[in-house]
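Notes for the structure review
Take a look at the letters that make up each chain.
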Amino acid sequence: MSRKVVGLDIGTHSVKAVLVKETFRGIELDGYYEKPILEEGPEHLSSQIRSLFRDNHLRPDTVVTAVPGNRLSIHHLTLPFTDLRKVSQILPFEIEPLIPFPVEEVIVDHFPTGRMNGNGPNGGQPVCTGIVRKEDLQQRLQILRGAAIDAKIIDADSIDLFYAFVHFFKEPLDTPVALIDIGASKTNLCIVSGGKPK
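Below is a short write-up of the structure. Note that the structure is a prediction, hence the values are computed from the model and not measured. (Residues numbered from 1 in each chain as written. Predicted model: local features only at pLDDT ≥ 70, side-chain atom pairs only at ≥ 80, totals over all residues. Heavy atoms only, no water.)

**Topic: the pairing of strand S7 (residues 125–133)**
The test is simple: Here the term buried applies to any residue with accessible area under 20% of the maximum for its type, exposed to any over 50%, and partly exposed to those in between, with areas from a 1.4 Å probe on protein chains only. Helical segments are the DSSP runs of H or I of at least four residues, strand segments are the runs of E of at least two, and each set is numbered from the N terminus. By the convention used here, strands pair only if DSSP detects at least 2 bridges between them.
Of all nine residues in S7, seven are buried; the element is thus mostly enclosed. Taken together, the eight bridges between strand S5 (residues 72–79) and S7 define a ladder with antiparallel strand orientation. Within S7, the residue paired with Leu72 across the bridge is Val132. Sheet topology places strand S6 (residues 106–112) next to S7; seven bridges connect them, and they run antiparallel. Counterpart to Pro112 in the pairing with S7 is Val127.

Here you go:
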């Protein structure tokens, strides 16, 4: 039995949806849909997204979307232990000096980018950390709620480039690769080296 997943891209000039089917054989592209944004504001965006789903009869099992790259901050850190529970606990304190606003105003998420020995001066757990202001995430959630969309995953759009790349290129390449997403008002860049985002 297949599962239908929609990747929703809320851009500056249009909203776009990619429909894929997850089957035992892998992921199959099933459709691409786009609708121009005619007016600005959260209510109009919600309306355009509703229309996009309604007009194209999109009824997916899961919706995945992302926070735009200009609304978040990505940092690569190495923490002095390898217990992922401790990483989650200490991470907000580690990123506090890296951001220009109180840590209480942000949401922090991360994923490990490798495994290292916790002993010694160069040991620890390397992680890729995403930081988004709660206010910016709430605005994105407001738009989705207005469109009656319950997104199961809200990611960072630059990291989504990495996920897509490693899905289709299973083996790490010998040289670094630049993944570039050129939009109407912003450009995302993700460097992949050794199978990891940099």
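On we go.
**Let's talk about the nonpolar core**
Stated formally: Among buried residues, those of type Ala, Val, Leu, Ile, Met, Phe, Trp, Tyr and Cys that are joined through side-chain atoms within 4.5 Å constitute a nonpolar core. Whether two residues are in contact is decided by their heavy atoms, any of which lying within 4.5 Å being enough.
In this structure, Leu8, Ile10, Val15, Ile49, Phe53 and Ile149 are the most contacted members of the largest nonpolar core, which totals 19 residues. Those elements that place two or more of their residues in this core are strand S1 (3–10), strand S2 (14–23), helix H1 (42–55) and helix H3 (134–146). Counting residues per element, this core draws most heavily on H1, which supplies four residues. Setting aside chain neighbours within four positions, we find Leu8 in contact with Lys16, Ile49, Leu52, Phe53, Val63, Val64, Thr65, Ala66 and Leu144. One finds Val67, Phe162, Phe165 and Leu179 within the second-largest nonpolar core, a separate group that totals 14 residues.

**A few points about the sheet that holds S5**
Definition in use: Each axis is a line fitted through C-alpha atoms, taken for helices only over the stretch in contact, and angles between the N-to-C directions span 0 to 180 degrees.
If you walk across this open sheet you meet the three strands as S5-S7-S6, and the pairing is antiparallel. Looking at which strands have only one partner, the edges of the open sheet turn out to be S5 and S6. Shown here is a sheet whose adjacent strand axes are inclined to one another by a mean of 25 degrees, direction ignored. H3 contacts S6 and S7 of the sheet and is inclined by roughly 70 degrees relative to S7.

**Section: empty space enclosed by the protein**
Note the threshold: Both site types are read off a 1 Å grid over the protein atoms alone. A 1.4 Å probe that fits but cannot get out defines a cavity, while an open set with protein on both sides within 12 Å along at least five of seven lines defines a pocket; lining residues have an atom within 4 Å of a point. Grid points are joined across faces, edges and corners, and a volume is the space filled by probe spheres set on the points.
A complete count under the given rule lists one cavity of 30 Å³ or more for this structure. Taken as a whole, the largest cavity holds about 30 Å³ of empty space. Every residue lining the largest cavity is listed: Phe165, Pro172, Leu173, Thr175, Val177, Val192, Ser193, Gly194 and Gly195.

**Some thoughts on unusual backbone geometry**
Backbone geometry at His57 places phi at a positive 55 degrees, although glycine is not the residue there. If you trace the backbone, His57 turns up in the loop between H1 and strand S4 (62–67). Unusually for a residue other than glycine, Ala148 sits at a positive phi of about 60 degrees. With respect to the helices and strands, the residue Ala148 is situated in the loop between H3 and strand S8 (153–156).

**Digging into a nonpolar patch on the surface**
Which entries qualify depends on this criterion: Like-charged residues within 9 Å of one another, or nonpolar side chains (Val, Leu, Ile, Met, Phe, Trp, Tyr) within 5 Å, are grouped into patches, provided each residue has over 30% relative accessible area and no salt bridge. Exposure was quantified through the Shrake-Rupley algorithm and a 1.4 Å probe, taking into account, for residues, occlusion by the shown protein chains and nothing else. Salt bridge, as used here: a side-chain nitrogen of Lys or Arg that lies within 4 Å of a carboxyl oxygen of Asp or Glu.
Judged by side-chain polarity, Phe168, Phe169 and Leu173 come together as a nonpolar surface patch covering roughly 340 Å² of accessible area. Structurally, the position occupied by Leu173 is in the loop between helix H4 (157–168) and strand S9 (177–182). Residue classification places Leu173 among the partly exposed residues on the basis of a relative accessible area of 41%.

**A short note on the layout of surface pockets**
Left-over empty space is what a probe sized like a water molecule reveals as it rolls over the atoms. Note the threshold: Only Asp, Glu, Lys and Arg are considered charged in this grouping, and only Ala, Val, Leu, Ile, Met, Phe, Trp, Tyr, Cys and Pro are considered nonpolar; every other residue, Gly among them, is considered polar.
Empty space within the second largest pocket amounts to approximately 390 Å³. Lining the second largest pocket we find 19 residues, and of these Asp109, Gly130, Ile154, Asp155 and Ala156 sit closest to its centre. Elements represented by at least two residues in the lining of the second largest pocket include exactly S5, S6, S7, S8 and H4. Its residues assigned to classes, the lining of the second largest pocket shows 14 nonpolar, three polar and two charged.

**With respect to the packing of aromatic side chains**
Aromatic ring pairs are reported here in terms of the distance separating the ring centres and the angle at which the planes meet. Where we set the bar: To pair, rings of Phe, Tyr and Trp, with the six-membered ring standing in for Trp, must have centres within 6.5 Å; the planes then decide the type, stacked if under 30 degrees apart, edge-to-face if over 60, and tilted in the middle. A positively charged side chain is recorded as over a ring if its NZ (Lys) or CZ (Arg) lies within 6 Å of the ring centre. The angle to the ring normal must also be within 35 degrees.
Considering all chains together, one arrives at four aromatic pairs under this definition. Ring centres of Phe111 and Phe162 lie 6.3 Å apart, and the angle between their planes is 10 degrees; this geometry places the pair in the stacked category. With Phe111 in strand S6 and Phe162 in helix H4, this pair connects stretches of sequence that are 51 residues apart. For the pair Phe111 and Phe162, one class covers both residues: buried. With centroids separated by 5.8 Å and ring planes inclined at 45 degrees, the aromatic side chains of Phe162 and Tyr163 adopt a geometry described as tilted. Judged by its relative accessible area of 36%, Tyr163 is partly exposed. Residue placement shows Arg133 over the ring face of Phe101; its charged tip is 5.0 Å from the ring centre.

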